[in-house]
Structures are given as C-alpha cells and as structure tokens.
Amino acid sequence: MSYDPFDGVLLDDPRPPVSGAVSLMLHLRVARRLARAQGRPAGPSLEALKARAQACRELLAQGLLPATLRALQHHGLELGRPNAAHSLASVLAHLEAYLKEVEGGGYLEPDQALWQAVDLELAGKRGLWIERSEVDGPLEAGLRDLVPSRLRALACVPGLGGATFRLAAQKGGEASGLFGSAQPLVAWFLDGLEAHGEALPNELALAEPEGWGSAPWSPALESLFEGPLDLRDHADTFQRGLVEGPLDLLRHAVEQVCAWLDAGIPPADITLIHPEPQAVAAFLAPLLAEEGVALHVRGGLRPLLASEAWSPLWTLLVGVQRLDPCAVSAGLRASRRDDLRHWADALALADQSGAPAFEGSFMHLRDRVKEYAQGIWLELAALRETTQAAHRWAERLESLATTLRLPMDPDDFYAPLGLLKEAWGRESWTFADMLLALEAFLEAARSSEIPRAVEGLRLVTPGTVLEDWNGARATLILDLSEGAWPSRPAENPDLDNDRKAALNRALLAWSQAEPRAAFPPALQRFWLPRSEQGDQIPRAFQRDAYAFNKVLAMTRERLVVLSPAQDEHGRLKSQGPFWTALEGAAPWRPEAALHSRLRWRWEGHDPSPRPQARAAAAQARPASEALLAAAPTFDLAPGLRAAWLKGQESASPTALEGLAKCPFRSLAERVWGLQSFDARTRMSMAVGILVHHLLEEALAPFVGVEDWPAAFQTALALGAEAGAEDLIPHLQALWLANQDRWLEELDRHIPQEQWPQAVLRLESLLPNLAAALLQDVGAESPEKGELALLDPARLPVPKAKKQAAPPPETWRRTLLALEGTLGPVALELGGGRTLAVSGNVDRIERWTSDSLTFLRVVDYKTSKKSYLEAYAEGDAPFSSHLQTPLYMLLAEQVFPGDRATAVLLPLRDEDPKPFTKHLVTLAGAGSDGAWREKLLANLARFDARLESGDFPPTPGEHCSQCQLAALCGRPVDVTLETEGEGE
C-alpha cells in the first residue's frame, strides 16, 4: 500500500512505510555490522541503539539526508572522525547503511521518501499522486506538519495549493502572542518563516482551532505563564489541589469523575490527561467499570514487552539467561499445561539462583511431571549455549511457545512474529544477541489490545492533546509534578544540542550562499532550547506549553488539576512550571457528599446493601446448586423473553445451554449485544466453522444412502488397508475448491488479516479429520455408551471358558441429514407450559439391525477428548452441557418411534474416537428414560428465568474465556485447567 502523507495525496511508490519495530531491527543489524568492521567485538547496548535510531529519525525529519550532510561540509560543518563513538560522521555512516537496509527490505522511510518525491515534483516529474481539486480547498495542517520534511511539501508542491495551519495565536479570548506580545506564535512554531519563507511558492495560512477560547475563564488566560491568573469568578469550576501520593491521585480521580457524572456530564464529555496512560489504565479501568464507566485509552500504547502474548515468554527467557528460577516460574505460570504449572510452583520455592536450583526443583514433582519438566529444562538450558542464524531464532521462539503452550494471540503474537522472521536475517547470533534484539523489538512494537470504548471516558497523553483532541466539557489533569508534564527533555549523545547548533550554523550559511532556493536550507534548522527571558516559558517546553494552553482554552465547563505531593516512597516532590502557572486557581477539596463506591469503601462506611446482594448472587457454587442461583429482586428484568429470543419463535439448544451456564452472560450477549469471547476463542470458533463446512462437503453426496459408509469407501476407492493419508488428498481438493466461499463467512468472527492463520490451523487438522472419517465408516457396531443407554443387555460380558461367541450383528446406517434442522418442537414442561425449541445438528443418521433401530446425532468438536470429559460429569448433561441431550430429545420428537443417542468427535486428537461417556451419565439417571424428565425439569427452570427476568452471574469454567468480568462482578478469576479448547 502506498504511503499517504496528506489527505488525498499518495507517494508514487507502492512500498509500505517501515514500522517502528522493524526499523529498530534494521538499525541493530547496521550497528552490529559497523561495530565488527571497526574491530569492536560487542555491538551497541539497547540504550545506545535507541539513541542512534532517534538521531537518524530526527535527521530525516529535518530533511538532512546523507547527501545533504556531506554538502554542509562546504558551509563549515565538521563531521568528525568516522570511528568516533558519537561523531556526526559515524551517524552519517550508520544512516546511509540503514537506508540501504530499508530499501533492500522492500520498505520506505516516510520522511526520506517524501523529501525525494518533492525533489521529483520540483524537477517537473511525478513524485506524488494528488487526488485533490480546488473544491477541496487548502490542506488542513497541524503541529506535526511543521517538521521540514512535511512543511517543504506543503510549501513547495504546486498541486497541493498550500495549507492552513490550525494553530492558536492567542492564549485565551483576545488576540495576542501565545507567550506575550514580544513573542508571537510564529516566532515559536513557524521558526524562520518570517526571515526565510517570503519566496515560498504556496501560501501558508494560520487559523485558530475551532473551539479555542470556549472556556468561561478564557480572558484570564491572557496572563498565563506571566503571573497569577485572575480566576476569582471561577472558583467552583477551575481548581487545583495537591494530594498525598500516586495512589491517592488515582482514587481521587475516580471520585472526581463520579462527581461529574452525578452532575450530568456524560463519560464521553470527560477527558483525563496523564503523562503515562498505560501505567494507570490497568488500575483505573476496573474501578471505573464498577462505577459503570468504560475507559477509552488514547496514546501511550502498551509495548508488546508488557503484553499477555509476549511477557511470559520474555520473562522465561530472561530467567534462563540469569538462571533465575523465580523468573522462569513466572513465565511458566502462563502455560496451559498443568504439569508445567506444577513445575512452576516448585521453582517458586527456590531460595537461590543457578543450575542447582532447577535440578533441585524436580524432587517435588510426580514421576510423570518430573520426566516432562526435566526434558523442558534440558531444552531451555541448551538455549544459553546456542549460536544460530537470526531468523532461526525467530522460528525457535515460535516452537518454544508452542511446546510450552504459552498464550499465542493471533494479533499480538503471530503478527509480530511474522515481522521478526522478516527483520531477523542470516547473521549469526548468540542467545544474548537474540535477547537484546528481542527486547528492542518488543519495546518498540505496540500491543493491538487497546482498551477502547468509543463512548467512554477518554484517558490521553499530553502528546495526544496536540493533534487528536478537540476539547471537552470537563477535564481532569493528573500529575504536574516536576518531570511529569512538561517532561524532562532527553539528551541524545549522537545528536545533542551542540551538534544541532553546528548543523544550524551550516544551514544558515548555505541559505545565505544560495538565497534563491525554493525551500531555503535555513528552514531545516533544529529548534534549540534557550534560557528564560522574563516570564516566558523555556523553549524546551514549547510544545508541552502549547498543549497545556490548549487544554485550558478548550475545556468548556469544569477543569480540575491534581498532583501528588510525594512519590511512591514518601519523598516530597517538587511541582513543575505548569503547576506554578496555575497560581490563582481555587484550591480543590473532595466534596462532602460521596459519589464513588471506591471512596465509600476506602473511608470504611458500612457496606451498601445492593452491592452486597449482588456479590452474594455471584458467588461460585457447586454445579448441583448453580441452577438454583437467583439474582437480587431489584435486578430482575421481566419482559425480556422476546429480546432474548431475538425475534424467533423458538429457542436453540445452544442458547439454552448458554442460559444454563451463566444467565448473566446469556443476557449480555443476546439482549445487550455484547461480545464476551476473547480473540483466541473467536479464532477457535472460526476454525470450527471451516471444519464443519469441510466435513459437510465430504459427506453431502451420501445423504439418503442406506449404507452410506460402504458407498463412501467405494466412491473414494478406499480399500480395507486404507489409511488417513489416502483420504487427505480428497479433503484438500474439497478445501481448495470451496475455501474462498467459506472464508467469507468468517467476517463476523475474525478480521480478514487473520484468515491465513485460520487456514493454517484447518490444514493442520486435515490428518485428524481423515482419521475420524475412516474410523467412522469402518465402525461395525454402536459405541458402548450408546448401548448402555439403549439396551444395557447388549453390552459385552466377560466370556466364560469354552463359551462360543455370539454371531456378529449386522448394522445398516442411513445418513438422514447434514447441518439439518430439528424442530421447532413444543416441549411439554408441565403445568400447562411449553417451550418451543429448534436447532441445527452437524449430522444425524439412522442405525438399524434386525432387532434394534435408533438415531445417532453426531456433534463435531475441534477439541481434545480430555476437554469433553466435562460433558459427562455430574449433572452437566442436564445443565452446562445440555446441548447434545437436547438434540437427542428433539430428534425423538421429529422422528417418532425412534430413540436417539449422541456422540461427540474430538477432532484435535490425532486418532479421534467417538466420545459417549455423557450417555452413561444419562443412563444413570434412572430406567425408562428418566433422563428425559430430568432434562425437561431443568428446561422448566430456564423457562421460568426468562419469564421472571432472573439473570444472575454463575461463575464456572466458562469464565476463563469471558470478557465480561467487569460487569458481572464475579468474586475471583476462574482458571480452567485443561488441555483442550472447544468450539
């Protein structure tokens, strides 16, 4: 996809821009290669690598390409020695090599590409595709467009027609300079344009942002940064206050937000500003969720290093490098394998580091777990001595995460892993080399799991305010202590202020030597800090000061500033210049009235009866009691039956099973339209859909055939000795012929960019599907569980000595339907009530012998047999896993006179065998089909729930995949220890 620097403007280049994480990997490759060339055995540290990458980014943004830097030598610039650590010559050599790597990787550097495209446009050649007309008017520009690489395009490309910069030239409501009349805005932000920009081809206009000065205290802002503010008339709406420490800052923030909500200000009209949103979002989000407020985080996205997908693996690898058992334990705790978590528990008990700590941990494990853990430890320990090609390390990481069964999210794990495989080349790396590269990548890349709620309360960074914020009714600024906002400017040894000053002098000399340049080199100068003059704000804080002024000028009703007086260790903190600038604001104090539950609990008030009742309703219960859970009377919501049925006249077995598992989740999904599944579960569901399509297509020609297994084997020429490998080509052909149509149906489950991963997962299951089909068509008799339910007398008994075996019984199987609909059927619930139920079954067939006939319902499960054990436990077939027994009941109603069974096929097993233990549980309910009465009795309970609007949360195994924890108020997170996952 071509890079689009402006609205309606594309580069005449199809290459994509290089991402920040991949860019850093290319910088690392260059830095290590140059270090070897200069005879240095070790490559750069992570901090040195970041500094060099930042220097290159700044040079490119200023349009200082390698050729430009060399040309500046003719105007007095000294580059220094190439082998000096931080000389401009060494930066230049690195930049040149880096740009070659970017080009070789098929990427483009946006600032360099835009600069070169403008060169082509000025030479009369095509460098840009401009899809704009006079009707569109001039481009809207902002602060980010003032860097020379972008400013040059706006000012010099004739087809763009200039630009209007949305920047304020006043502090409040009257025209003036932003920082005093002696320093008008253009002298701060459009530096040099007055002296060097008179001959620019395009017109650059300045317009005030819409809504600037809408604050009721705007006139008082004219003295901002020059002395105390006159805010006497706004004591109730403009306040600042010091709180004790960082924790108090956040708890008072929750209280203040709730006070504004009670005053009638909706969450979408409230903005919180914090220097590090991701550092506080994890604390604020659940507390605000308990108050019914969703949090929308903008800016400061969480690095992959701290994401759920990569943090366990990274922690484990660091533990291996340091031989730290506690770190390895922390990483292994995220595994989905029970035996590895048991080993993690043993490692956590270690009181020393080193190899003996790991070897000593095995004595606490059972033999089976011990053997497996020792094998894993040998594999981990071998990593420390491994040296291999960089791209092989990426493959090794994927293999390790798969073996350990760590979280492997489609977005946050596989997508970045693909970039790693691209960016890590063939150079040889040790384990330590790989760790440094991985840390650099994971710190630069950002997680896709962003807490977003479009209509929720916004939590933003000061940087976000500059471009992506258009005001709010109420704004809460958190932390104006020294170094927070404005932040302390970082010094880069590769491009410090002295080097920037030398570049500025050379650029100015070049402009004086060539006064007719279309874009004078003087406009490529860097902004440099200078000392304060009078009451003006230091130039180092220029952008922060503008953002701060913007917040004050565009908050329409209420503004509160809170800052911690102490750090987390209890040390006093100095307040920064922005705190001082608010002198004159009224002191903030918490209101006497309580607005938040957090404050209610913090101050030790008696528990509120409503939350107490809800907490009692959400307590975890044994399965036998879960069906009896009831919501508090004040939470009953009668009259929702029609909404729960979604306009249908009948309920499906899937919906009723969801109601049995957790009524609250069923209400949230079916009535409120909320999504409760996480990304991993949605991917599993998508793969399950593809599996169902493929099996349906494979069996479709045999619907209605009396002896369909024989017809299947004949049609595909499968002999008695045929194996799964003989059937796989047929399944592959069916998949290739239909994959486009089937993939289009996945849109509601996973985005299109994840389709390739779903395809890979399906293709990995093809051998299992082939084995399942061969086992199925070769079955000569029903499963033992089916016979236990239908006719226990037919079960085999231990043979007495010399007793002749009974003659084998011949069974004929007719395939009745695939993805067929059963119902609607009005089930009698007693007391004159009925419940209409209908559903689609994966497969239904009739088994017939000389003395017995029955229906078999087949349900495909893309899970392992161990996962299906839960279907047979206790009362599960009558409640949390009632779907298949209910299908049996429907089949018997639709086909009168026939009894029914149901088998589950665990298709993640390499040799899938029909699962029927749940039928044994049904048979154990009593003779004469007592399971039917028990199932109908529970259905009557569910029908009563729908009638009364009783939807209590019911914690259980399903909580491990549910995203609604903040709403239901369950007391603890529930971890499901299993090796399977079902769809």
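Conventions used here
- Residues numbered from 1 in each chain as written.
- Predicted model: local features only at pLDDT ≥ 70, side-chain atom pairs only at ≥ 80, totals over all residues.
- Heavy atoms only, no water.
- Helix = DSSP H or I, 4+ residues; strand = E, 2+ residues; numbered from the N terminus.
- Buried < 20%, exposed > 50% of the residue type's maximum accessible area, 1.4 Å probe, protein only.
- Contact = heavy atoms within 4.5 Å.
- Lys, Arg positive; Asp, Glu negative; His and termini not counted.
- Charge placed at Lys NZ, Arg CZ, Asp CG, Glu CD.
- Salt bridge = Lys/Arg side-chain N within 4 Å of Asp/Glu carboxyl O.
- Core = buried A, V, L, I, M, F, W, Y, C linked by side-chain atoms within 4.5 Å.
- Pairing = 2+ DSSP bridges.
- Axes fitted to C-alpha atoms, helices over the stretch in contact; angles between N-to-C directions.
- Phe/Tyr/Trp six-rings, centres within 6.5 Å; stacked < 30°, edge-to-face > 60°.
- Lys NZ or Arg CZ within 6 Å of the ring centre and 35° of its normal.
- Patch = residues over 30% accessible without salt bridge, like charges linked within 9 Å, V, L, I, M, F, W, Y side chains within 5 Å.
- Areas by Shrake-Rupley, 256 points an atom, 1.4 Å probe, with all protein chains shown as cover.

A. Representation of the overall build of the protein. Scanning the protein from terminus to terminus reveals 38 helices and 18 strands. When the 983 residues of the protein are sorted by exposure, 51% land in the buried category. Summarising the internal contacts of the protein: among those between residues at least 6 apart in sequence, 75% fall at separations of at least 24. Each charge class in the protein can be summarised by its mean position, and for the 97 positive and 131 negative side chains these summaries are 3 Å apart.

B. Region of the structure containing the pattern of salt bridges. Evaluated as defined, the whole model comprises 46 salt bridges. A salt bridge links arginine 641 to glutamate 947; its shortest N-O distance comes to 3.0 Å. With a gap of 306 residues between them, arginine 641 in helix α26 (residues 641-645) and glutamate 947 in helix α37 (residues 930-948) connect regions that are remote in the sequence. Note that glutamate 706 and arginine 812 form a salt bridge whose closest N and O atoms lie 3.8 Å from each other. With a gap of 106 residues between them, glutamate 706 in the loop between α29 (679-699) and α30 (708-715) and arginine 812 in strand β15 (residues 812-830) connect regions that are remote in the sequence.

C. Focus on the nonpolar core. Grouped together as the largest cluster of nonpolar side chains are 152 residues, with contacts concentrated most on Leu317, Trp343 and Trp424. Per element, the largest residue contribution to this core is nine residues, and it comes from helix α4 (residues 88-104). Setting aside residues up to four positions removed in sequence, tryptophan 424 forms contacts with Met25, Arg29, Ala390, His391, Trp393, Ala394, Leu397, Trp429, Met434, Ala437 and Leu438. Core analysis: the second largest hydrophobic core is formed by 41 residues, Leu727, Trp742, Leu746 and Ile750 among them.

D. Molecular detail of the pairing of strand β16 (residues 833-848). Inspection of the sheet shows β15 paired to β16 by 14 bridges, in the antiparallel sense. Looking across to β16, one finds that leucine 822 is bridged to glycine 839. Connecting β15 to the next strand, β16, in antiparallel fashion are two residues, including glycine 831 with a positive phi near 65°. In terms of strand pairing, β16 meets strand β17 (residues 853-861) through six bridges, oriented antiparallel. Paired with tryptophan 847 across the strands is phenylalanine 854, a residue of β17.

E. Expanded view of the sheet that holds strand β14 (residues 586-587). The sheet built from seven strands is open, its strands ordered β8-β11-β7-β12-β13-β6-β14 with parallel pairing. The open sheet has two edge strands, β8 (295-298) and β14, and neither has a second partner. For β8 and strand β11 (residues 457-460), the ladder comprises four bridges, and the chain directions are parallel. Following the sheet pairing, valine 297 is matched in β11 by leucine 459. Strands β7 (270-273), β8 and β11 of the sheet are contacted by helix α10 (residues 277-290), whose axis makes an angle of about 170° with β8.

F. Up close: the pairing of strand β6 (residues 238-243). Counting buried residues along β6, five of its six residues qualify, which places the element largely inside the surrounding structure. In terms of strand pairing, β6 meets strand β13 (residues 555-564) through six bridges, oriented parallel. Its bridge partner being in β13, arginine 240 is matched across the sheet by valine 561. Direction of pairing for β6 relative to β14: parallel, over a ladder of two bridges. Note that in β14 the partner of arginine 240 across the bridge is proline 587.

G. Structural view of the sheet that holds β15. The strand order β15-β16-β17-β18 describes an open sheet built from four strands, whose pairing is mixed. One side of each edge strand has no neighbouring strand; the edge strands of this open sheet are β15 and β18 (899-906). The sheet shows a mean angle of 40° between the axes of neighbouring strands, direction not considered. Its contacts with the sheet put helix α35 (residues 883-894) on β15, β16, β17 and β18, and the angle it makes with β15 is roughly 95°.

H. Representation of the environment of glycine 8. Inspection of the secondary structure puts glycine 8 in the segment before β1 (9-11). For glycine 8, a relative accessible area of 24% translates into the label partly exposed. Separated by 540 residues in sequence, glycine 8 and phenylalanine 548 have C-alpha atoms that sit 31 Å apart. Discounting residues that sit within four places of it in the chain, glycine 8 has contacts with Trp129, Ile130, Glu131 and Arg132.

I. Structural detail: the packing of aromatic side chains. Inspection of every chain in the model, using the stated rule, returns 22 aromatic pairs. Aromatic ring contacts, followed pair by pair, group Phe225, Trp485, Phe548 and Phe578 into a single cluster. Cation over ring: arginine 152 sits above tryptophan 115, and NZ or CZ is 4.1 Å from the ring centre.

J. A look at the environment of phenylalanine 677. As for its placement among the helices and strands, phenylalanine 677 is situated in the loop between α28 (663-670) and α29. Exposure remark for phenylalanine 677: the relative accessible area of 24% places this residue in the partly exposed category. Residues phenylalanine 677 and serine 960, spaced 283 residues apart in sequence, show a C-alpha to C-alpha distance of 9.7 Å.

K. Geometry of a nonpolar patch on the surface. Together, Leu247, Phe283 and Trp602 line one region of the surface with nonpolar side chains, adding up to about 280 Å² of accessible area. One can find leucine 247 in helix α9 (residues 246-262). Taking the relative accessible area as the measure of exposure, leucine 247 reaches 41% and is therefore partly exposed.

L. Focus on the side chain of arginine 240. With respect to the secondary-structure elements, arginine 240 resides in strand β6. Buried and unpaired, arginine 240 has glutamate 583 as its nearest opposite-charge partner, separated by 6.0 Å. Apart from residues no more than four positions distant in its own chain, arginine 240 is found in contact with Val561, Trp579, Thr580, Leu582, Glu583, Ala585, Ala586, Pro587 and Trp588.

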